[in-house]
Amino acid sequence: MNTIGTRIKHLRKEKKLTQKDLANKIGVSDVSVVHWEKDVNTPKLEYLNILAPILDTTIDYIMYGKTEASDTVIDYRPVTRMLPVLTSIQCGTMSNVRSISHSEIDMWLPSPPDAGKNSFYLVCQGISNAPEFNHGDYVCIDPDIPLDCVQNGEMIAVARNDEATFKALVREFNAIYLKALNPQFTPNIIPLEEGFVYRGKYVGKFTPSKKYF
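Undergrad: Any chance you could explain the side chain of R199 here in plain terms?
TA: By the element assignment, R199 lies in strand β9 (residues 197-206). The buried charged residue R199 lacks any salt bridge, with D162 as its nearest oppositely charged partner at 7.1 Å. A distance of 2.9 Å separates a polar side-chain atom of R199 from the backbone oxygen of C91. Excluding anything up to four places from it in sequence, R199 contacts C91, G92, T93, M94, F120, I141, P143, A157, V158 and A159.

Following this line, the structure appears as C-alpha cells:
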C-alpha cells in the first residue's frame, strides 16, 4: 500500500538517514517521524516545507504520490519557501548555493519577502555589528545581487580563508572597504582586497520566538 508514511520511509532510506537523523534535521522528535511513517499522524505544512527538500522531493509527492502538478489537488494555504541555514565555513567554501547538498544542511528557515531564489541564511558570529546584528542572528543573503549593485552602507557577506564574514560595504574613491557597525570593534574597517570573495547582499533577518520570563 502506497501511503504518506511509506513514501517518507522509502525516501528516507534512499538518503541513508535514520529516523533520528531525519528528526534532527527537521527539528522534531524521532517519535514524530515514527508516527508519520506508520501513518499515525500526518506532517504539518511547516514540517513538509522542510521535509520535502531534505528528501529531494515535493510536497505533492509526499502527500499524494504525484510527481507532476495536478489541478485536482487544491490547497489554499500559502506555502512558505524555506531557505537553508549555512555555517560560516559552508558559506566560505561553497562555489554556489547549490553546491551544498541537502544532507549537509541542518536547519531551514522561512524566506523573507525580498529573498531571491538562491538566497540562504548565515548565522552571525561575534559582536562586530552589535547592536544592529547580534551573535546568533539569522541574516538572509542573496548571492544573485551583483556587488556593483550594492550601495554604500549596505551589508554584505564575503568569504576569506574558507570562512565568511558579514560587514557593511564602504565605497570611497577607487577603493572598497568592509566596516563593522560596532564602533568599539577593532579593526573597525578593512580594505576589500584580493582574496575576498563576495557571497551576496543582506536582504532580511529571521527572528525566532523567545521566552520573555
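Past the structure itself, the notes keep going.
Undergrad: It is not clear to me how the sheet that holds strand β2 (residues 108-110) should be interpreted in this structure. Could you clarify?
TA: Across a sheet, paired strands are connected by hydrogen bonds in the backbone, their directions being either parallel or antiparallel. Here nine strands make up an open sheet; going across it, the order is β2-β1-β3-β4-β9-β5-β6-β7-β8 and the pairing mixed. With partners counted over all chains shown, the strands left at the sheet margins are β2 and β8 (189-191), one partner each. When the angles between neighbouring strand axes are averaged without regard to direction, this sheet yields 45°. The pairing of strand β6 (residues 163-172) with strand β7 (residues 175-179) spans five bridges and is antiparallel.

Undergrad: Just to check I follow, could you spell out the pattern of salt bridges for this structure?
TA: A pair can form between side chains of opposite charge whenever their charged atoms are brought close. One pass over the full model with this rule turns up five salt bridges. A salt bridge links R12 to E37, with the shortest nitrogen-to-oxygen separation between them at 2.5 Å. Remark: E37 occurs in helix α3 (residues 30-37) and R12 occurs in helix α1 (residues 4-14); sequence separation between them is 25 residues. The buried category is assigned to E37, whose relative accessible area is 9%. In this structure, the salt-bridge partner of D137 is K205, at a minimum N-O distance of 3.4 Å. Of this pair, D137 sits in the loop between β3 (120-123) and β4 (138-142) while K205 is found in strand β9, placing the two residues 68 residues apart along the sequence. Looking at K205, the relative accessible area reads 31%, which means it is partly exposed.

Undergrad: Looking at this structure, I do not really get unusual backbone geometry. What am I missing?
TA: Leaving glycine aside, a negative phi is the common case for residues, and trans is the common case for peptide bonds. The peptide bond linking A130 to P131 adopts the cis configuration, its omega dihedral lying at 5°. With an omega dihedral of -5°, the bond running from T186 to P187 counts as a cis peptide bond. Take P187: it is sitting in the loop between β7 and β8. The phi angle at K16 is positive, at roughly 60°, despite the residue not being glycine. With respect to the element layout, K16 can be found in the loop between α1 and α2 (19-26). If you check the backbone angles, D162 has positive phi at about 65° while not being a glycine. Positionally, D162 belongs in the loop between β5 (155-160) and β6.

Undergrad: Can you help me understand the packing of α2 against helix α4 (residues 45-54) in this one?
TA: For any two helices packed against each other, the geometry is given by the interaxial angle and the distance between the axes. At a minimum axis distance of 10 Å, the contact between α2 and α4 shows a crossing angle of 125°. In terms of axis orientation, α2 runs oblique to α4. Every pair of crossing elements has a handedness; the one defined by α2 and α4 is right-handed. Within the contact between the two elements, α2 uses L22, K25 and I26 and α4 uses Y47, I50, L51 and I54.

Undergrad: Explanation requested: the side chain of N118 in the structure shown.
TA: Examined against the element boundaries, N118 turns out to sit in the loop between β2 and β3. The class for N118 is buried, based on a relative accessible area of 15%. A polar side-chain atom of N118 sits 3.0 Å from a polar atom in the side chain of D144. Not counting residues up to four positions away in its chain, the partners in contact with N118 are V97, R98, P143 and D144.

Undergrad: Please explain the pairing of β3 as it appears in this structure.
TA: Looking along a regular strand, one sees the side chains alternate between the two faces of the sheet. Sheet topology note: the strand β1 (residues 82-86)/β3 ladder contains two bridges and is parallel. Pairing of V85 across the sheet is with Y121, part of β3. Across four bridges, the pairing between β3 and β4 is antiparallel. Its bridge partner being in β4, L122 is matched across the sheet by V139.

Procedures and definitions
- Residues numbered from 1 in each chain as written.
- Predicted model: local features only at pLDDT ≥ 70, side-chain atom pairs only at ≥ 80, totals over all residues.
- Heavy atoms only, no water.
- Helix = DSSP H or I, 4+ residues; strand = E, 2+ residues; numbered from the N terminus.
- Buried < 20%, exposed > 50% of the residue type's maximum accessible area, 1.4 Å probe, protein only.
- Lys, Arg positive; Asp, Glu negative; His and termini not counted.
- Salt bridge = Lys/Arg side-chain N within 4 Å of Asp/Glu carboxyl O.
- Polar contact = N/O pair within 3.5 Å; in protein donor to acceptor, adjacent residues only side chain to side chain.
- Contact = heavy atoms within 4.5 Å.
- Pairing = 2+ DSSP bridges.
- Axes fitted to C-alpha atoms, helices over the stretch in contact; angles between N-to-C directions.
- Parallel < 35°, antiparallel > 145°, perpendicular 65-115°, else oblique.
- Left-handed = near helix turned anticlockwise from the far one by under 90°.

No statement about biological role is implied by the geometric values presented.
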